[in-house]
Amino acid sequence: MLRLVPNRYAAVFVIVATAQLLDLATFIPAVARAGIGAESNPLARALYLSAGAWGASGLKAAAIAIMLLTLARVVQRFPTYALPSAALVTGIGLFGAASNVLFGLLR
């Protein structure tokens, strides 16, 4: 079971979650405007086609939970790698949000 994460990492978790939620928040309007064909993730595309926006949103929510739990484990076991790991998942979320805005909302 995961032990509590030190408080000094609270801001890191907030930043990671915010970047990932920004990706999710821009996904729905981008797909509504540009169509699901613009989505590059084949699993998200298939879930969107079979279950609608809720399917793809559920996948993203599960991915966010897994990322945060994995980051918590990294903080506990390998604290030296916590910030690089957080930077990576933050970058992935921001890249996804930027791609949604550029190719979906500004199109």
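Our subject is the structure listed above.
Our subject in this report is the structure included herewith.

As for helix α3 (residues 53–77)
Helix length check: α3 (25 residues) gives 36 Å between terminal C-alpha atoms against 36 Å at 1.5 Å per residue, within 8%. Buried within α3 are the following residues: Gly55, Ala56, Ser57, Lys60, Ile64, Met67, Leu71, Ala72, Val74, Val75 and Gln76. Check the buried side of α3 and you find it contacts α1 (10–34), α2 (42–51) and α4 (82–105).

Quick look at the packing of α3 against α4
Relative to each other, α3 and α4 sit at 165°, their axes nearing to 9 Å. As far as their axial angle goes, α4 and α3 are roughly antiparallel. As for the relative orientation of α3 and α4, their crossing is right-handed in sense. Packed against α3, whose contacting residues are Met67, Leu71, Val74 and Val75, the element α4 presents Ala82, Ser85, Ala86 and Val89 at the interface. The residue inventory of the contact of α3 with α4, partitioned by class, reads seven nonpolar, one polar and no charged.

The rules behind these values
Residues numbered from 1 in each chain as written. Predicted model: local features only at pLDDT ≥ 70, side-chain atom pairs only at ≥ 80, totals over all residues. Heavy atoms only, no water. Helix = DSSP H or I, 4+ residues; strand = E, 2+ residues; numbered from the N terminus. Expected span 1.5 Å × (residues − 1). Buried < 20%, exposed > 50% of the residue type's maximum accessible area, 1.4 Å probe, protein only. Contact = heavy atoms within 4.5 Å. Axes fitted to C-alpha atoms, helices over the stretch in contact; angles between N-to-C directions. Parallel < 35°, antiparallel > 145°, perpendicular 65-115°, else oblique. Left-handed = near helix turned anticlockwise from the far one by under 90°. Nonpolar A, V, L, I, M, F, W, Y, C, P; charged D, E, K, R; others polar.

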